[in-house]
Structure formats: C-alpha cells, structure tokens
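Survey of secondary and tertiary structure
Next come the chains, spelled out residue by residue.
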Amino acid sequence: MSKIRTAEEAVKLIQDEAVVAVNSSSGLCCPDSILEALGARFDKEHHPQNLTTIHPIAAGDMFGTKGVDYIAKKGLLGMIIGGSYPSGPSKAEPPAIWNMILANQVMAYNVPSGIIFDMLREASAKRPGVLTKVGMDTFVDPKLEGCAMNEAAESRPIVRRTKFEGEEWLYFPAIVPDVAIIRATTSDACGNLTFEEEGAYLGALEMALAAKNNGGVVIAQVKRIIPNASSQPHKVHVPGAFVTVVVEAPEQLQTTATPYDPTISGEVNLDLDTLEQIPFDASKVIARRVAQELKEGWVVNIGYGISANVPRILIEENRHGAVTWVIEQGAIGGIPLLGFKFGCSANAEAFVPSPNQFSFFQSGGFDASLLSFLQVSNDGSVNVSKLKSNPHRTAGAGGFVDITSRAKKIIFSGYFNAGAKLDVREGKLVIEKEGRIAKFVTDLDQISFSGKRAQEQGQEITFLTERCVIKLKGKGLVVTEIAPGIDIERDIIDQAEAHLFVDDRLKEMDSRLFNPEPFGLQL
C-alpha cells in the first residue's frame, strides 16, 4: 500500500497530548510543510492540543523558514524541549515561540543538543534514560537552573542529580515520541528515504527508530517521490519499514534562503578560489590569531561567530586541509559555510548522523574547539546561551555544552567589549570609540561553561580578542599578550568588570596579524 499522503492528511495522525520529535537545524532539513499543516489544522479544528515537541536543534529561523513558529500557538503547544531556538537581531520582532516562552504559555527547556539525541536513542532501545556529566555546574545542572527557561518549566523538572557507582551524575529520563517528523530529499512509495540533496542527516534515523519502536508514527517530508524499487539500498538512510507516511513538498528549501546548492550536499565540489575573501578588520585579526593556536593534523570543532572565519584564514594562508573541521550537524572535513548556510560544509569528506557526532564531542575525541563568548566571569566561566535584556538574540546553548564538557583545548573568540568602533592600520589596533558594554564581567546572565570545572579537568582555555590574549590559569584570567597600539591599563584592565591579572612575561601579539597581506601561518 502506498504511504504517500498530503500534509493535511498526515497531520491528522497526530493526537492530543502527543510527544512530537522534529528533525531540523534552523532551515537545514526543516520539515516546514508538515509544521505549517499542523498549525493550520489547529487553527481550523482546535486540535491536536497540548503537544510536547522535541527539537535537538532549532526548527526554523527568523529569516524565512518559520519552522516551530507555525505551531507556536496557545493550546496547541504545552511543552517544548529544545537544544536551540530561532534567534536573530535584537531590534527584530521576536519569534512567536519566544513570545510564548516569555509569557509562560508553554513549559520550555533548553537541553544540550547531544543529550536530547541521547534521550531519544535511549527511548528507541526502551532504556530508562541518560546518565551523563555533560552540563554539570552549568545552567543544565539542577543545582542552578535545571534547563528550565521559564517559571512554567520550573514546576516540572526535566533533570536530576543522582549517584551511580559512587559518582554523581545528571540523569535525564528517556523521551518517548509518539510522532517523529523528519525530512529527506527522495522517497519511493514504500517510504525508503534518501538524502542526496541534504546538507546533513541530523537525527532523522534516530527519531524514526524512537517513534517506530514505541508504536508511534513517522511522518516524512520529501522533495520528490520516485517509483518503487528504484532506490539503491546503500543510499537509503531511513528505511521505509520505519516510515508511516510520506508527504511530497517540491518547493522545500535546502536550507535557509537556499533553494538548492549542490556544493552543500557534496554532489559538486566547491572551487575554493570562488570564496569571497574576508575583509581586513579587527574580527579578521582575531580569526588570524585563533589560527595560530592550531596544529597540523588536528581535528577541530568550529562554532558560530568570529571563529567560523578561521577556515577561510587557512585557505588564504595556503594551509587548507592542514586540519579537519567537524561541526555538530554532522559534516566532517571540507570548508564550513557562513551566513544562511552555516551548519553546512562544502567539500565534506563525510556526513555522519548528528547523534554520532555528539558522541565524538561529548567524549572529547577531537583536538580543539573554536567557539564564541557573550560574557566571561572572573573564574573563566562563559555565557553564550542567554541575554536577559534580549532573550531572542541568542539561540540557547545548542551543542555548546556537549562540545565543551570534555574538550582538551577550547579557544573562545570575540570582541573585548560590545559597541566599540575599531580600526586596524599601520600594523596597530586603533580604538576610535570605546565600547559601552563589558563582556568580561563579575556576574553572568547564565553559566553555559564552568571555568572552575574546566580547571579541575585540566582543560586548556584561551580567550582571544582584538586587544589581547587571555589564558585561564590557577588564579583566574591572565592577560598574556596585547595588541600593538594598546595600553594595558586604559584599554584592557579599565574596560573589564572582571578582575584580570597580567602575566609577568606579557608580550605583544604578532604584528604580522595587523597588516592585510598573508602573515605566513605556521602550524
């Protein structure tokens, strides 16, 4: 029997009180047509009601892929468990899901992406849940916020501390989905799914297994449907045996604002010479200095922000391929892309499922991670996940907590403070107007990374800014290098709320970084 249905027919399978897992990463793999139909059904019928939805990575964004906002309706959504959430400019209208969260109209949780995938995998095997140390001493820990994003969520804890074999662990119960909503490129009438035009698998197979093994429904959105028996078995990532119904959506975007780019899916190699060169400015100086921390042969995780420019630095310095880049969406190797294509990689060596990538990250199997920061406190703790003044500006933690929990070496990069007007000329950094908002502070809006725990575990932690290099050492934050043209007291110590120590062997950053020509990167 054919599994092909319309989106309207498919969402009729979702019952009141259902637990629904959604596979997406912003616009990447987002099953937007299914979510739109689900929201439209609720508007018409006032059913289904009181859903719990699970999003290991955000479904949709603020730039054209509505995703979760289609179902962010009072009465439809009762609980949401997200690794990340749609985010965007402070001055933009907040996404509908953020309005619900802030108004306590939905119980909302921010759980690390890798842990959510783990909770689903445990459900698929009918195991009780996840024991992990990921998130200890951060907002994930019930000693602090326990992942709760609002008062509504505080009344129903999602994590607890427990003892096992003489050690303390965080325990997350398995999540059993009644419905999994996933997306692929192609299906046959039997529901065999291939992903040839997708930039990742994310957790499609894991979600389908979790729902199927517990008697649930799997709804797959695809770009096209082909005749039976025409799929090659090695190319099928989700077998039709796990899929309940298939919905054709010919206009689905490949990712945010991108109808189709074959370099994203690895069908065509990207000519690296066609990449636009990064403009020479203070952020490029930071990315250059980050590159100097790397070693040839390393496997390096990379996150959003200034650090995302580091692969372009290696290309400019003729060192592309010297390190292997890995990102949480599942790409290994190649060149991570920027802008609306962030989360995708061109010329990847492999795509692995995100849950497997997170197993690699949680164990600290890679050599270094390049990440951003919003705030840093005296003990080297970091906030990337919450700004009280502008909640929708940040997406939550995503995979940050999984990645940093055991990483051997972490390089956090960003501007020293917010709002400064900067220039780089004649081999020096020039501060034309000082920033108004300190980023090295005494109190964080949220603890996304524990500096104290990092020191206990022997992790190597560095903060790289346009003005200085700061290392986390036993006594705290120590300035070890300053930029040419910078006064240590006026431009650094006086501009930080946090207490900064100055290394006895303070030196000047490599002056070659502050000139536009290639600087001769050695790894």
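Scroll up a little and you will see the structure.
What this report covers is the structure whose coordinates are included nearby. (Residues numbered from 1 in each chain as written. Predicted model: local features only at pLDDT ≥ 70, side-chain atom pairs only at ≥ 80, totals over all residues. Heavy atoms only, no water.)

**Quick look at the overall build of the protein**
Check the secondary structure of the protein and you find 12 helices and 33 strands. Computed over C-alpha atoms, the radius of gyration of the protein comes to 23 Å, within 12% of the 24 Å expected from 2.2 N^0.38 for 523 residues, which places it in the range of a compact globule. Taken over the C-alpha atoms alone, the protein extends approximately 75 × 50 × 45 Å along its principal axes. By the burial criterion, 59% of the 523 residues in the protein qualify as buried. (Helix = DSSP H or I, 4+ residues; strand = E, 2+ residues; numbered from the N terminus. Rg over C-alpha atoms; globule rule 2.2 N^0.38 Å. Buried < 20%, exposed > 50% of the residue type's maximum accessible area, 1.4 Å probe, protein only.)

**Side note on helix α6 (residues 204–212)**
Burial within α6 is extensive, with 7 of its 9 residues counted as buried. Close packing links the buried residues of α6 with β2 (19–22), α4 (113–124), β9 (179–183), β12 (217–222), β14 (236–238) and α9 (354–362). (Contact = heavy atoms within 4.5 Å.)

**A short note on the pattern of salt bridges**
For the coordinates displayed, the defined rule picks out 33 salt bridges. For Glu-293, the salt bridge is made with Arg-289, and the minimal N-O distance between the two is 2.9 Å. Looking at Glu-293, the relative accessible area reads 11%, which means it is buried. The salt bridge involving Asp-510 is made with Arg-512; its shortest N-O contact spans 2.6 Å. (Salt bridge = Lys/Arg side-chain N within 4 Å of Asp/Glu carboxyl O.)

**Some points on the side chain of Asn-150**
Assignment of secondary structure puts Asn-150 in the loop between β6 (129–132) and α5 (151–154). A distance of 2.8 Å separates the side chain of Asn-150 from the backbone oxygen of Val-106, its partner in a polar contact. Excluding anything up to four places from it in sequence, Asn-150 contacts Ile-101, Asn-104, Val-106, Met-107 and Ala-108. (Polar contact = N/O pair within 3.5 Å; in protein donor to acceptor, adjacent residues only side chain to side chain.)

**Here we look at the pairing of strand β8 (residues 167–173)**
Summarising the sheet, β6 and β8 pair through 4 bridges and their orientation is antiparallel. Across the sheet, Gly-129 pairs through a bridge with Pro-173, a residue of β8. Judged from the 5 bridges that link them, strand β7 (residues 160–164) and β8 form a sheet pairing that is antiparallel. Considered in β8, the bridge of Lys-163 is made with Glu-168. Linking β7 to β8, which pair antiparallel, is a turn of 2 residues; within it Glu-165 sits at a positive phi near 50°. (Pairing = 2+ DSSP bridges.)

**Quick look at the nonpolar core**
One finds Val-111, Phe-172, Phe-412, Phe-440 and Phe-463 to be the most contacted residues of the largest nonpolar core, which totals 110 residues. Excluding its chain neighbours within four sequence positions, the residues that come into contact with Phe-172 are Val-111, Ile-115, Met-119, Gly-129, Val-130, Thr-132, Val-140, Cys-147, Ile-158 and Val-159. (Core = buried A, V, L, I, M, F, W, Y, C linked by side-chain atoms within 4.5 Å.)

**Overview of the pairing of strand β5 (residues 107–110)**
The side chains of a regular strand alternate between both faces of the sheet. Of the two faces of β5, the one lined by Met-107 and Tyr-109 and the one lined by Ala-108 and Asn-110 are each fully buried. Bridge count between strand β4 (residues 77–82) and β5: 4 bridges; the pairing is parallel. The residue bridging Gly-82 from the neighbouring strand is Asn-110, located in β5. The β-α-β motif built from β4, the intervening helix α3 (residues 96–102) and the parallel element β5 has right-handed crossover chirality. (Right-handed = clockwise from strand over helix to strand, strands pointing away.)

**Focus on α9**
Considered for burial, the residues of α9 that qualify are Ser-354, Pro-355, Gln-357, Phe-358, Phe-361 and Gln-362. Looking straight down α9, one finds its buried side chains confined to an arc of 155°; they lie on one side. For α9, the elements touching its buried residues are α4, α6, β16 (299–302), β17 (324–326), β18 (331–332) and α10 (400–404). Looking at the residues trailing α9, positive phi occurs at Gly-364, about 70°. (Arc of directions from axis to C-beta.)

**A closer look at the sheet that holds β2**
Two modes of strand pairing occur in sheets, parallel and antiparallel, and in both the strands are linked by backbone hydrogen bonds. Pairing is parallel in the open sheet, where 8 strands are placed in the order β1-β15-β12-β9-β2-β3-β4-β5. Bordering the open sheet on either side are β1 (4–5) and β5, each of which pairs with just one other strand. As defined by bridge partners, β9 adjoins β12 across 5 bridges and the pair is classed as parallel. The residue bridging Ile-181 from the neighbouring strand is Ile-219, located in β12. Against the sheet, α4 engages β2, β3 (51–55) and β4, with an angle of about 120° to β3. Strands β2, β9 and β12 of the sheet are contacted by α6, whose axis makes an angle of about 155° with β9. (Axes fitted to C-alpha atoms, helices over the stretch in contact; angles between N-to-C directions.)

**Things to note about the sheet that holds β8**
As summarised here, the arrangement of the 3 strands in space is β6-β8-β7, forming an open sheet in which the pairing is antiparallel. Of all the strands in the sheet, just β6 and β7 have a single pairing partner and so form its edges. Strand-to-strand, the axes of this sheet are offset by a mean angle of 40°, without reference to chain direction. Contacts from α4 reach β6 and β8, with the element oriented near 135° to β6.

**Focus on the packing of aromatic side chains**
This model, assessed by the stated rule, comprises 16 aromatic pairs. Seen from their ring centres, Phe-63 and Phe-340 are 5.3 Å apart, and the 45° between their planes marks the pair as tilted. Linking Phe-63 in the loop between β3 and β4 with Phe-340 in the loop between β19 (335–336) and β20 (345–346), this pair joins segments that are 277 residues apart in sequence. When its relative accessible area of 40% is taken as the criterion, Phe-63 is described as partly exposed. Taking relative accessible area as the criterion, Phe-340 reaches 43% and is therefore assigned partly exposed. When the centroid spacing of 5.1 Å and the interplanar angle of 25° are considered together, the rings of Phe-416 and Phe-440 count as stacked. (Phe/Tyr/Trp six-rings, centres within 6.5 Å; stacked < 30°, edge-to-face > 60°.)

**Observations concerning the packing of α4 against α6**
Packing of α4 against α6 leaves a shortest axis separation of 8 Å and a crossing angle of 40°. Between α4 and α6, the angle is such that the two are oblique. Viewed along their axes, α4 and α6 form a crossing whose handedness is left-handed. Contact residues: α4 offers Leu-120, Arg-121 and Ser-124, while α6 offers Glu-206, Met-207, Leu-209 and Ala-210. (Parallel < 35°, antiparallel > 145°, perpendicular 65-115°, else oblique. Left-handed = near helix turned anticlockwise from the far one by under 90°.)

**Observations regarding the side chain of His-392**
Note on placement: His-392 falls in the loop between β24 (382–383) and α10. Taking the relative accessible area as the measure of exposure, His-392 reaches 5% and is therefore buried. A distance of 3.0 Å separates the side chain of His-392 from the backbone oxygen of Pro-89, its partner in a polar contact. Leave out the neighbours within four places in its chain, and His-392 touches Met-62, Pro-86, Ser-87, Gly-88, Pro-89, Ser-90, Ala-92, Pro-94, Pro-95 and Trp-98.

**Some words on the environment of Asp-503**
One can find Asp-503 in strand β33 (residues 500–508). Residues Asp-503 and Met-136 lie 367 residues apart in sequence; the distance between their C-alpha atoms is 30 Å. The residues touching Asp-503, leaving out its near neighbours within four places in the chain, are Lys-473, Val-478, Val-479 and Thr-480.

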